[in-house]
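Here is how the chains run, residue by residue.
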Amino acid sequence: MKTRITELLGIEYPVIQGGMAWVGEYHLASAVSAAGGLGIIGAASAPPEIVREQIREVKKRTDKPFAVNVMLMNPNADEVAKIVIEEGVKAVTTGAGNPAKYIPAWKEAGVRVIPVVASVAMAVMLERTGADAVVAEGMESGGHIGQTTTFSLVPQVADALKIPVVAAGGIADGRGMAAAFMLGAEAVQMGTRFVASKESIVHDNYKEKLIKASDIDSVVTGTSTGHPIRVLRNKMTKEYLKKEAEGATLEELEQLTLGSLRNAVMDGDVVNGSVMAGQISGLIKDVPSCEEIIRTITADAEKLLKI
Ligand code: TUI
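Visitor: Where do I start with the sheet that holds strand β7 (residues 143-144) in this structure?
Guide: Strand pairing in a sheet relies on backbone hydrogen bonds. The paired strands run either parallel or antiparallel. Taken together, the 3 strands give an open sheet; going across it, the order is β7-β11-β10, and neighbouring strands pair in antiparallel fashion. Edge positions in the sheet fall to β7 and β10 (218-221), since each has one partner strand and no second. Helix α11 (residues 235-245) contacts β10 and β11 (229-232) of the sheet and is inclined by roughly 40 degrees relative to β10.

So, in structure tokens, the structure goes:
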């Protein structure tokens, strides 16, 4: 499946792994890249030197292209942006903010720049600033989200831009990928699907909770704080949403989620932790290898697109 995205990135399949905090580390990223997709180190709030180590670990495992996701709410984002250049990383994706100020230096260094956007306005602005492509991410996604669904966002972004668009949010199989292509996307980005993969290092409790989840098991916390986050429902989200409805302060709410993603991913605390996952969790019933995921989704999508 050749598209402008596979050409831009030098990858075999138009499948990108979401840049997930704690989950997007070198085992997962190198597995996705080795399988012909684009693996991503999710820098999130990790100390910059840890990001450098993660990049070097991916390089030890594969010669194929991979990327780093720079999470723009991270106070260390400037330093991570520099490390990407120093380490000769081929591509970056960004999330949770506006990456415009980094684009000139990345372009100068030959880094492919693919911001994740949740609106047409941001996409248009970043195309003008020099982005090579964008990921249009719908609110079906896990983690930090915008307000528009993938089905509405992708065609509107595709119509507004000349650069290629990657669809994200609610995609986990060949039907979703084919639908995304029909809406104008030239690749898909998946997070939740890769969380439940053999190479993903998330705790077994996390994978199990994902597999047991139904279509209505995710909720959005933090709408009142301006940082809406989609997670699977548990004791923490129940308390959080109750407090939020009662008008709790930002500080009170933050107490509930401090370190909570780490606790879920690393320690398997799926009761009090943040189990970030998308609305498509209900479709996920197995834990295949990254290679199987990429092979199956592209073969199934290709069949559907030829009908
Ligand atoms: O970034 C994501 N998803 C994430 S980041 C993350 S780490 C985190 N943990 C706790 C609290 C906050 C973050 C977990 N999940 N997806 C990409 C994405 N970017 N979705 C939405 C946006 C976005 C939102 C606003 C992009 C640009 C934007 O612009 C706002 C502005 O005007 O600056």
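Visitor: Looking at this structure, how should I read the sheet that holds strand β3 (residues 66-71)?
Guide: The sheet built from 8 strands is open, its strands ordered β1-β9-β8-β6-β5-β4-β3-β2 with parallel pairing. The sheet is open, and its two edges are formed by β1 (15-17) and β2 (39-42), each paired on a single side. The sheet shows a mean angle of 25 degrees between the axes of neighbouring strands, direction not considered. Relative to β3, β2 runs parallel, the two being bridged by 4 bridges. By the bridge assignment, G39 is partnered in β3 with F66. Running over the sheet, helix α3 (residues 48-61) touches β2 and β3 and is turned about 165 degrees from β3.

Visitor: Hey, could you run me through the environment of N76 in this one?
Guide: Along the chain, N76 turns up in the loop between β3 and α4 (77-86). On the basis of relative accessible area, N76 is assigned to the partly exposed category, the value being 28%. Distance from N76 to P48, taken between C-alpha atoms, is 6.9 Å for residues 28 residues apart in sequence.

Visitor: I tried to follow the packing of helix α6 (residues 120-129) against helix α7 (residues 150-160) on my own but got confused; where do I start?
Guide: Between two packed helices, both the angle of their axes relative to each other and the distance between the axes serve to describe the pair. Between α6 and α7, the least distance of the axes is 9 Å, while the angle of their chain directions is 30 degrees. By the angle class used here, α6 and α7 are roughly parallel. Considering the relative orientation of α6 and α7, their crossing is right-handed. Here V120, A123, V124 and E127 of α6 lie close against α7, whose contacting residues are L153, Q156, V157 and A160. Its residues assigned to classes, the contact of α6 with α7 shows 6 nonpolar, 1 polar and 1 charged.

Visitor: I'm lost on a nonpolar patch on the surface in this one. Help?
Guide: Together, W22, I201 and M266 make up a nonpolar patch on the protein surface, roughly 260 Å² of accessible area in all. Secondary-structure assignment places M266 in helix α13 (residues 260-267).

Visitor: Explain the site of the ligand to me, please; I cannot follow it from the model alone.
Guide: Near the ligand lie 14 residues; those nearest to it are A96, V116, M122, E137 and H144. Here a nitrogen atom of the ligand and a backbone polar atom of A96 are 3.0 Å apart. A distance of 3.1 Å separates a nitrogen atom of the ligand from a polar atom in the side chain of E137. Classifying every residue of the shell around the ligand by side-chain character gives 8 nonpolar, 5 polar and 1 charged.

Visitor: Looking at this structure, I do not really get the nonpolar core. What am I missing?
Guide: Where a protein is soluble and globular, its nonpolar side chains tend to be buried together. Grouped together as the largest cluster of nonpolar side chains are 77 residues, with contacts concentrated most on V68, W106 and F194. Apart from the residues lying within four places of it in its own chain, the contact partners of F194 are V15, I16, Q17, L28, V32, S200, C290, I293 and I294. The next biggest cluster of nonpolar side chains, apart from the first, holds 16 residues, and it includes I40, A67, V135 and V166.

Visitor: I'm lost on the pairing of strand β5 (residues 112-117) in this one. Help?
Guide: Across the 6 residues of β5, 5 count as buried, placing the element largely inside the fold. Note that strand β4 (residues 91-95) and β5 share 4 bridges and pair parallel. Following the sheet pairing, A91 is matched in β5 by R112. For the crossover from β4 across helix α5 (residues 103-108) to β5, the handedness is right-handed. As paired elements, β5 and strand β6 (residues 134-137) share 2 bridges and run parallel to each other.

Visitor: What is the right way to look at the environment of V166 in this model?
Guide: Within the fold, V166 resides in strand β8 (residues 165-168). Overall, the relative accessible area of 0% leaves V166 in the buried class. With 66 residues separating them in the primary sequence, V166 and A100 have C-alpha atoms 19 Å apart.

Visitor: What exactly am I supposed to notice about unusual backbone geometry here?
Guide: Negative phi characterises most residues that are not glycine, and trans characterises most peptide bonds. Positive phi outside glycine occurs at A44, with the angle close to 40 degrees. Along the chain, the position of A44 falls in the loop between β2 and α3. Even without glycine at this site, A96 takes up a positive phi of about 60 degrees. If you trace the backbone, A96 turns up in the loop between β4 and α5. Residue A96 is classed as partly exposed on the basis of its relative accessible area, which comes to 25%.

Visitor: Just to check I follow, could you spell out the pattern of salt bridges for this structure?
Guide: Opposite charge on two side chains lets them pair, provided their charged atoms get close. As enumerated under the stated definition, the model contains 19 salt bridges in all. One salt bridge in this structure joins R52 and E49, with 3.0 Å as the shortest N-O distance. You can see R52 and its partner E49 sitting in helix α3, 3 residues apart, about one turn around the helix. Of the residues examined, R52 reaches a relative accessible area of 15% and is grouped as buried. Ionic contacts of the salt-bridge type, sharing partners, join the residues E49, R52, R56, K59, E86 and E87 into one network.

Quick notes on the rules
Residues numbered from 1 in each chain as written. Predicted model: local features only at pLDDT ≥ 70, side-chain atom pairs only at ≥ 80, totals over all residues. Heavy atoms only, no water. Pairing = 2+ DSSP bridges. Helix = DSSP H or I, 4+ residues; strand = E, 2+ residues; numbered from the N terminus. Contact = heavy atoms within 4.5 Å. Axes fitted to C-alpha atoms, helices over the stretch in contact; angles between N-to-C directions. Buried < 20%, exposed > 50% of the residue type's maximum accessible area, 1.4 Å probe, protein only. Parallel < 35°, antiparallel > 145°, perpendicular 65-115°, else oblique. Left-handed = near helix turned anticlockwise from the far one by under 90°. Nonpolar A, V, L, I, M, F, W, Y, C, P; charged D, E, K, R; others polar. Patch = residues over 30% accessible without salt bridge, like charges linked within 9 Å, V, L, I, M, F, W, Y side chains within 5 Å. Areas by Shrake-Rupley, 256 points an atom, 1.4 Å probe, with all protein chains shown as cover. Salt bridge = Lys/Arg side-chain N within 4 Å of Asp/Glu carboxyl O. Near = heavy atom within 4 Å. Polar contact = N/O pair within 3.5 Å; in protein donor to acceptor, adjacent residues only side chain to side chain. Core = buried A, V, L, I, M, F, W, Y, C linked by side-chain atoms within 4.5 Å. Right-handed = clockwise from strand over helix to strand, strands pointing away.

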